[in-house]
Amino acid sequence: MTTNDLKPQCDPDDEIVVPAYSSTNSADTVTTSSANTATTTILDLPTELIEYICCYDSLKLIDVFNLAVSHSKLKNSLFHERNSCLWKSKFIQKYGLLDDEEYRVVIDEQNTWKDEIMLRMCLDKAVPAEIIQMPCKYMKFKNIPYHSYPLSQYLHSKNEGHRYYILSATAAYYNQLQSNKCSNENYDLLYMAHQFLIYSCQVYFGYKIRNFLSLPPAEQIVERGFYLLERCWCPTVDITYRDINKSLNNIAIDVCNRICSANPVHPLFANENCLQQVVERGKFNLDHDLFDETSTMFILENISKIIFSEDQLVCHCNNDLNCFFLQKVIERRKGSAFLLCVIFESVARRLGVKVIITPTAYIFVDSFVSWSSSWPGNKCKNPTCYVIDIAGFGVLEKVSSVSGELQEQYIRNSILDLFWSFSQNVKFISATNKYVWDFQTFLKPDDSDLESSCRTFFEFYDYCGCPLLRNPTNPYAPNHEDEENNINEYENGIFPLEPRRRGKSTDPKFSIGMIIEVLSTKSNNVISHGIIVGWERLAENNSSPTTVYHALAKPWKGSYFESPEIIILRENRNEKLQRQLKPDDFRFMNIGKFFTHYSHEMCAFVPIKSLAQLYPDDLSCTSV
């Protein structure tokens with residue numbers, strides 16, 4: 001059935017007529033009388049059958065809508081049961097199979113399947129429309145004011161599905177902009193889409209992390225916790241937890257096969273459904289080992305041989321983010337020691353072994369796995385403690401003692417402690433992981449030293465953190481703190497109340513969007529450079545006015561804080577200005593706050609509409 005087959009009916013009483021089949025060709029049986037002609041209509045079909053037909057994948061959602069509007073009775077038939085399997089099937093057909101680990105759709109009297117699919121389709125259009133308006137709306141702000149972002153009623157809804165719809169629509173639009181062949185000419189949209197993606201991702205996974213940390217310890221599965229962390233820190237990662245869980249199950253099954261070939265009578269295979277039990281153990285933490293010390297050590301040795309089958313497993317680099325994403329480490333069999341410990345613990349748990357990720361004074365590494373037999377039948381009061389040296393290719397070594405607690409105020413080796421230790425490591429990897437600071441404030445909201453560090457961090461980064469904590473009295477409402485210095489420091493100089501026109505003898509030499517360099521008059525070396533985002537005429541000692549340029553400047557190379565900043569440039573006795581025609585070094589983070597794209601014809605950046613209106617004559621003066 002196609003949409004061309006469905007034509008709206010003008011008269012509700014009109015019927016779609018289908019002639020009855022006749023088994024004989026005798027002319028005597030054919031009559032033109034309507035009284036003797038057998039007819040049947042689609043309206044005569046039971047409602048359940050109509051819905052059943054519309055559930056087929058061959059009928060797209062648009063086809064169902066076209067069918068519904070073709071006749072008032074069909075509309076009533078299709079829409080009368082709003083929770084019917086029809087709308088659920090169309091929801092899955094359009095957005096894929098439902099995965100409770102990703103998001104949950106709540107269906108009740110207020111939220112029906114029809115309402116959900118209509119809302120999500122609406123937000124798929126509303127989110128890009130809002131992002132398109134953002135560059136001009138937030139141009140004056142130094143820090144993006146997240147509390148004024150749109151669609152907050154859905155981002156902070158009690159319904160997890162509604163929060164996910166915003167994140168999904170934002171990610172889809174962001175990927176669309178990136179895949180566009182002219183993506184380099186979408187600085188403004190790409191910038192705001194990225195900012196809104198970070199925000200919506202932190203809100204969505206912030207709630208999920210908070211809910212995860214409130215679970216009983218038995219349900220705080222370490223690999224799921226780190227999966228949530230990487231999704232919160234890197235919005236463009238779209239790997240599902242189902243994929244990670246499947247990969248870890250496969251590693252555990254590989255270990256089982258190795259053990260079976262070496263020792264078929266191992267107690268691991270006492271149950272016929274041993275492989276199914278391996279999968280089930282991945283869902284909960286173990287209270288104790290399932291086997292005696294000898295059998296467990298044999299399991300640990302085989303885990304090491306599978307996981308550490310390749311050399312150079314541990315990566316000590318500080319610039320490859322793939323080393324800190326769980327699925328990437330699993331696929332590459334190479335990554336940070338911390339995540340290798342997570343993988344080791346996850347596989348061991350599936351095989352009935354309880355190990356602990358913990359630091360120790362014995363080996364000076366960020367993290368490792370320790371084990372001592374916790375089998376209930378173990379008669380030894382103080383079992384031998386072992387450490388699996390991750391940096392030493394998984395060698396099982398005896399140690400005299402292992403620290404059961406982390407430093408300072410941390411208690412034992414809870415998932416919260418592991419999160420904190422890991423965030424301390426990730427914090428120094430890349431400047432793009434600025435959202436790690438937000439998570440640290442989530443773990444330690446009352447830490448004065450951390451608060452001071454975050455304040456300095458955000459000042460340099462031109463970045464406003466998304467809050468992960470909510471007001472306890474209203475946990476689903478935003479709880480943003482007031483931001484100081486939210487408007488740009490040079491607001492009056494860059495954004496005049498009246499447009500700055502040209503046409504005078506004192507017109508500035510350079511215009512908006514040009515790249516200019518500051519050279520020393522003595523050595524002729526470049527001191528600094530930037531893109532002009534504003535200018536103003538200033539009088540000096542009643543003499544002829546001079547022009548001050550406000551430029552978006554790239555930070556010094558190697559600086560830890562890499563956000564561009566706005567600086568003042570002017571010519572004087574020691575410095576002179578000249579135009580630069582090469583744009584390669586100026587495609588940095590928040591350039592989209594002021595410019596839409598770079599024009600190769602003009603060798604300059606084209607300002608967004610709001611900025612161009614403040615300097616209406618500049619674009620015509622920008623030429624090579």
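This is a predicted model, so every value here is computed, not measured. (Residues numbered from 1 in each chain as written. Predicted model: local features only at pLDDT ≥ 70, side-chain atom pairs only at ≥ 80, totals over all residues. Heavy atoms only, no water.)

1. Quick look at the pattern of salt bridges
The condition is simple: What counts as a salt bridge is simple: a side-chain nitrogen of Lys or Arg found within 4 Å of a carboxyl oxygen of Asp or Glu. Labels follow the DSSP assignment, with helices taken as runs of H or I lasting at least four residues and strands as runs of E lasting at least two, numbered in each case from the N terminus. Buried residues are those whose accessible area, probed at 1.4 Å on protein chains only, stays under 20% of the maximum for their type, while exposed residues exceed 50% and partly exposed ones sit between those limits.
Under the criterion given, the structure shown has 12 salt bridges. Glu223 is paired through a salt bridge with Arg350; the nearest N and O atoms lie 3.0 Å apart. Taken together, the residues span a long stretch of sequence, with Glu223 in helix H9 (residues 222-233) and Arg350 in helix H14 (residues 337-350) at a distance of 127 residues. Residue class for Arg350 comes out buried when judged on its relative accessible area of 0%. With a closest N to O distance of 2.8 Å, Glu345 and Arg349 form a salt bridge. Placement of both Glu345 and Arg349 in helix H14 is noted, with a separation of four residues, approximately one turn of the helix. Across this residue pair, the class does not change: Glu345 and Arg349 are buried.

2. Let's talk about helix H11 (residues 274-281)
Side chains three or four residues apart in an α-helix point the same way, a direct result of the helix having 3.6 residues per turn. To keep things clear, this is the line we draw: The arc in question is the one traced by the directions running from the helix axis out to the C-beta atoms. Note on definitions: a residue-residue contact is assigned when non-hydrogen atoms from the two residues lie within 4.5 Å.
Along H11, the residues that are buried comprise Cys274, Val278 and Arg281. Around the axis of H11, the buried residues are gathered within 70° of arc, so they sit on the same side. Where the residues of H11 are buried, they touch helix H10 (241-262) and H14.

3. Concerning a nonpolar patch on the surface
So the rule is basically this: Two joining distances apply to patches: 9 Å for like charges and 5 Å for nonpolar side chains (Val, Leu, Ile, Met, Phe, Trp, Tyr), and every residue must have over 30% relative accessible area and no salt bridge. Accessibility throughout is a Shrake-Rupley quantity obtained with a 1.4 Å probe, and a residue counts as covered only by protein chains that appear here.
Residues Leu45, Leu49, Tyr52, Ile53 and Tyr56 make up a contiguous nonpolar surface patch of roughly 460 Å² in combined accessible area. Mapped onto the secondary structure, Leu45 falls in the loop between strand S2 (39-40) and helix H1 (47-54).

4. Concerning the packing of H10 against helix H12 (residues 293-307)
Under the convention used in this document: Between the N-to-C directions of two axes lies an angle of 0 to 180 degrees, each axis being a line fitted to C-alpha atoms and, for a helix, fitted only over the stretch in contact. Roughly parallel here means an angle under 35 degrees, roughly antiparallel means over 145, roughly perpendicular means 65 to 115, and every remaining angle is called oblique. For a crossing to be left-handed, the near helix must be turned anticlockwise from the far one by less than a right angle; the clockwise case is right-handed. Note that Gly is not counted as nonpolar here; it falls among the polar residues with everything else outside the nonpolar set of Ala, Val, Leu, Ile, Met, Phe, Trp, Tyr, Cys and Pro and the charged set of Asp, Glu, Lys and Arg.
Taken N-terminus to C-terminus, the directions of H10 and H12 make an angle of 120°; their axes are 9 Å apart at the nearest point. Accordingly, the angle class assigned to the pair H10 and H12 is oblique. In terms of crossing hand, the pair formed by H10 and H12 is right-handed. Residues Ile251, Asp254, Val255, Arg258, Ile259 and Ala262 of H10 form the contact with H12, whose participating residues are Phe298, Ile299, Asn302, Ile303, Lys305, Ile306 and Ile307. Taken together, the residues that form the contact of H10 with H12 break down as nine nonpolar, one polar and three charged.

5. Topic: the confidence of the model for the chain
Here is the rule: Here pLDDT means the predictor's own confidence in every residue, given as a number from 0 to 100.
Per-chain confidence: the chain averages 75 in pLDDT, with 68% of residues scoring 70 or above. Across the chain, the element-wise mean pLDDT spans from 36 in strand S1 (residues 18-19) up to 94 in H10. This stretch, residues 1-27, has a pLDDT under 50; its non-local contacts, to residues over four places away or in other chains, come to 32 contacts. This model gives residues 460-485 a pLDDT under 50, and the stretch forms 74 contacts once residues within four places in sequence are excluded.

6. Looking at the sheet that holds strand S8 (residues 526-538)
The condition is simple: The pairing criterion is simple: DSSP has to find at least two bridges between the two strands.
Taken together, the five strands give an open sheet; going across it, the order is S10-S9-S8-S7-S11, and neighbouring strands pair in antiparallel fashion. Single-partner strands in this sheet number two, and they are strand S10 (565-569) and strand S11 (575-580). Ignoring strand direction, the axes of neighbouring strands in this sheet form an average angle of 45°. In this structure, strand S7 (residues 515-520) lies alongside S8, joined through five bridges in antiparallel fashion.

7. Considerations on the packing of aromatic side chains
Note the cut-off: Only centres within 6.5 Å qualify two rings of Phe, Tyr or Trp (six-membered ring in Trp) as a pair; their planes then separate them into stacked at under 30 degrees, edge-to-face at over 60, and tilted for everything else. Definition used: whenever NZ (Lys) or CZ (Arg) falls within 6 Å of the ring centre and also within 35 degrees of the ring normal, the charge is taken to sit over that ring.
Scanning the model with the defined rule gives 20 aromatic pairs in all. Consider the rings of Phe91 and Tyr95, whose centres lie 5.4 Å apart with planes at 50°: the pair is tilted. Separated by four residues within a single helix, Phe91 and Tyr95 lie in helix H4 (residues 85-95), roughly one turn from each other. A residue is classified by how much of its surface remains accessible, and Phe91, at 0% relative accessible area, is buried. Measuring from centroid to centroid gives 5.3 Å for Tyr149 and Tyr199, while their planes differ by 65°, and the two rings are edge-to-face. Placement of Tyr149 in the loop between helix H5 (113-137) and helix H6 (152-155) and of Tyr199 in helix H8 (residues 187-213) is noted, with a sequence separation of 50 residues between them. Members of the aromatic cluster, connected to one another through ring pairs, are Phe91, Tyr95, Tyr103, Trp113, Tyr164, Tyr165, Tyr204 and Phe205. Looking at Arg120, its charged tip hangs above the ring of Tyr95, at a distance of 3.9 Å from the centre.

8. A look at the side chain of His550
What counts, and what does not: Two N or O atoms count as a polar contact when they lie within 3.5 Å, although within protein this holds only if one can serve as hydrogen donor and the other as acceptor, and sequence-adjacent residues are included solely when both atoms are side-chain atoms.
Locating His550 in the fold gives a position in strand S9 (residues 546-553). Its relative accessible area of 2% is what places His550 among the buried residues. Here Glu536 takes part through its side chain, which lies 3.1 Å from a polar atom of the side chain of His550. Apart from residues no more than four positions distant in its own chain, His550 is found in contact with Tyr490, Gly493, Ile494, Ile531, Ile532, Val533, Gly534, Trp535, Glu536, Ile566, Ile567 and Ile568.

9. Points about the nonpolar core
To keep things clear, this is the line we draw: Remark: nonpolar core denotes a set of buried residues (Ala, Val, Leu, Ile, Met, Phe, Trp, Tyr, Cys) joined through side-chain atoms within 4.5 Å.
Membership of the largest hydrophobic core comes to 110 residues, with the highest contact counts inside it found for Phe196, Phe226, Ile303, Ile307, Ile343, Val347 and Leu351. If you tally residues by element for this core, the top one is H8, at 14 residues. For Ile343, the contacting residues outside a window of four places in its chain are Leu248, Ile251, Ile307, Leu326, Val329 and Ile330. Counting 32 residues, the second-largest nonpolar core is a separate cluster that includes Met139, Leu552, Phe595 and Tyr598.

10. Here's the deal with the pairing of S8
The two faces of a sheet get side chains in turn, since along a regular strand they alternate between them. Counted between consecutive antiparallel strands, the loop separating S7 from S8 contains five residues, among which Asn524 sits at a positive phi close to 65°. Taken together, the eight bridges between S8 and S9 define a ladder with antiparallel strand orientation. Bridged to Arg537 within S9 is Thr547.

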